[in-house]
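# Understanding the architecture of this molecule
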Amino acid sequence: MANTAKQSATLAYPDRFYAAASYLGLDGSAPSSVKQLSSKFSNDTALLLYALHQQMYMFTSWQGLGTMPSIEAKRHFVKILEEGDSSWYPNPPNSVPDPAIDVQISSTKAEPSVENGGSFGETMTTATEDGRLMETQDKDVVLENPNTISVYNQWTAPLTSGHPPKARYEHGAAVIQDKMYMYGGNHNGRYLGDLHVLDLKNWTWSRVETKVVTESQETSSPATLTHCAGHSLIPWDNKLLSIGGHAKDPSESILVKVFDLHTCTWSILKTDGKPPISRGGQSVTLVGKKLVIFGGQNVNKSLLNDLHLLDLDTMTWDEIDAVGSPPSPRSDHAAAVHAERYLLIFGGGSHTNCFSDLHVLDLQTMEWSRHAQQGEAPTPRAGHAGVTIGENWFIVGGGDNKSGACETVVLNMSTLAWSVLTTVQGGAPLASEGLSLVVSSYNGEDVIVAFGGYNGRYNNEVNVLKPSHKSSLKSKIMEASPVRDSVSAVNNATTRDIESEIGVSQESKVREIVMDNVNSGSKVEGKSERIITSLRSEKEELEASLSKEKIQTLQLKEELTETETRSTELYKELHSVRSQLAAEQSRCFKLEVEVAEVRQKLQTMETLEKELELLHRQRAVASEQAAVNMNGKPQSSGGVWGWLAGTPPPKT
């Protein structure tokens, strides 16, 4: 390779490794030893570099490295060198030694070395059964870029550049336009407020300088919004929404912070309605144009299991009083939405326990339910992270206060069946609590990106997994609901799936034709026209079937729309009836109060009537007594005074 190419910033593997080895004097030009490396690095780093170099050529077996492949050893070798001496790359020697050939003594077949996306002829050395080495013919060895994700369902650590963020956990992460934004978190008990971005095309880190916009003015000083951890970061309309989180000086109610990617400014989202109380460790799920907030832990460390909605169109909060048995109060759980209708809650923890239960909320009927789980149910955990791809929900990390969860598990949200996708070693960054998980696209395929976490130490490593986990099983959740649910289930079977079946059918037919050509030779030529005619006939039938399926799909969509409209109307009627019932209950209560007052007045009137009757009797008795007294006394003539008074004289 020319010297100008070696000095370029795109020096590829394996030349980048050979340049690094030459820089450290491990190219064979001088005797190499750990002592030689210790003059430039710490003893631990020097020992690890030497071990990786030995591992690549299988000179010795290092127990700590196990059976690490040669290409992985090369990548780790360069990564450790760059961490210990970032200035090495502009100063490699003018010559790069010829690539050494990996020799696998215990193997009788040479495996091609995969690097850098090209191919070249290379003489491979293998060992025969009697232990003698012999050279085989030149083979095309496929090269790949070191950051190419070529293995499915396995975690890999891409080589990142730039300035990575400080190690942390309980941060938030979200992807917008092939860039992963990471905000906040906790490190050594201190809340963080920095914002970093990882370009998922070239795996380069950079820090975003932000500013705060207030109602009255805009300042270019660094953002002074409250640092937080345990919040949720949601991508929305080319913006980032940071919801809730623990903070040093928390507010009374939950805050929604908005970051504008164009202006690099933070602001507080103005909302109406009654917002939830401040909390952290909650789950926030974007369903259409609404945020669904569940659970968490408030500033008094009380666990919550309340449910709130934030409508992003009207910016209005609404507290939901769902029916059924909700999950117990918890925080640090995971949530996902399936078919834009079902909210799933998995795991989480209380002050004493971690959970492995699965709860489902029907967002149309607002009813909680708990279904039986199938397959390999995960262990109890809290602090895990989850993302969805199609109908599969990938859960990574978490722990139970004793150890981290090493398995990456997958839940098929239609069948509620669990399976283990892959496993990492205990103590790995992926077996951490408080890590973040996002989904992005790399070379046209979905990839899952994990960052950070805490498993006894704080991490800032990036790990990537390319899943191939697919399922075509029918939904058990849908089977539990009436016709409108089956309509939704059928609607999920898109015309793209039907077209793919046609393509597979035709492809298999073509493959059968090719095999017949190989086996029957010239006989196929006579049958080719009949086969082509048959294929055309099948194609026409499949196209007709596809047209029918499209028509049925449109009809089902119309029925679904009508059903959803009717459901919305019924829901409004239910709210109206509930309001009327509440008004009637209030009116009944007022009537009961009035009746009680009337009864009290009646009792008072009865008492007065008794007293009046008693007075009448006393008066009658007094009158009788007076009459008796009048009759018993001698009567006088009255004299002159009687005559003056008009009293008639007594009769004689």
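Rules used throughout
- Residues numbered from 1 in each chain as written.
- Predicted model: local features only at pLDDT ≥ 70, side-chain atom pairs only at ≥ 80, totals over all residues.
- Heavy atoms only, no water.
- Pairing = 2+ DSSP bridges.
- Helix = DSSP H or I, 4+ residues; strand = E, 2+ residues; numbered from the N terminus.
- UniProt positions renumbered as here; feature names shortened; annotations may be inferred.
- Buried < 20%, exposed > 50% of the residue type's maximum accessible area, 1.4 Å probe, protein only.
- Phe/Tyr/Trp six-rings, centres within 6.5 Å; stacked < 30°, edge-to-face > 60°.
- Lys NZ or Arg CZ within 6 Å of the ring centre and 35° of its normal.
- Contact = heavy atoms within 4.5 Å.

With respect to topology, five strands assemble into an open sheet ordered E4-E8-E7-E6-E5, the strand pairing being mixed. Bordering the open sheet on either side are strand E4 (161–162) and strand E5 (172–175), each of which pairs with just one other strand. With two bridges connecting them, E4 and strand E8 (residues 204–207) associate as parallel partners. Note that in E8 the partner of Ser161 across the bridge is Thr204.

Here, the residues flagged by UniProt with the feature "coiled-coil region" (unreviewed entry) are residues 532–559 and 591–625. Structurally, residues 532–559 comprises 100% helix and 0% strand, and the distance from its first C-alpha atom to its last is 40 Å. Counting secondary structure, residues 591–625 comes out at 100% helix and 0% strand; the distance between its end C-alpha atoms is 51 Å.

Bringing the pairing of strand E29 (residues 445–454) into the picture now. Here E29 lies mainly inside the structure; seven of its ten residues are buried. Relative to E29, strand E28 (residues 436–442) runs antiparallel, the two sharing seven bridges. Paired with Val438 across the bridge in E29 is Val449. Linking E28 to E29, which pair antiparallel, is a turn of two residues; within it Asn443 sits at a positive phi near 55 degrees. Two successive antiparallel strands, E29 and strand E30 (residues 458–465), enclose a turn made up of three residues, where Gly456 displays a positive phi of approximately 105 degrees.

A few words now on unusual backbone geometry. The backbone phi angle of Gln177 is positive, close to 55 degrees, even though this residue is not glycine. According to the relative accessible area criterion, Gln177 is exposed, its value standing at 67%. Positive phi outside glycine occurs at Asp237, with the angle close to 50 degrees. Along the chain, Asp237 falls in the loop between strand E10 (232–236) and strand E11 (239–243). Given the relative accessible area of 56%, Asp237 is considered exposed.

Per the stated rule, a full pass over the model turns up nine aromatic pairs. A ring pair is formed by Phe346 and Trp418, whose centres lie 5.0 Å apart and whose planes are at 50 degrees; its orientation type is tilted. With a gap of 72 residues between them, Phe346 in strand E20 (residues 342–346) and Trp418 in strand E27 (residues 417–423) connect regions that are remote in the sequence. Judged by its relative accessible area of 4%, Trp418 is buried. Consider the rings of Tyr454 and Tyr458, whose centres lie 4.6 Å apart with planes at 50 degrees: the pair is tilted. Within the aromatic cluster, the residues linked to one another by ring pairs are Tyr169, Tyr454 and Tyr458. Note that Lys466 overlies the ring of Tyr152, its terminal NZ or CZ placed 4.4 Å from the centroid.

Here we come to the environment of Leu192. Tracing the sequence through the fold places Leu192 in strand E7 (residues 190–199). Residue classification places Leu192 among the buried residues on the basis of a relative accessible area of 11%. Between the alpha carbons of Leu192 and Ala229 there is a distance of 7.2 Å; along the sequence they are 37 residues apart. When sequence neighbours within four positions are dropped, the list of residues in contact with Leu192 reads Arg168, Gly184, Gly185, Asn186, His187, His227 and Cys228.

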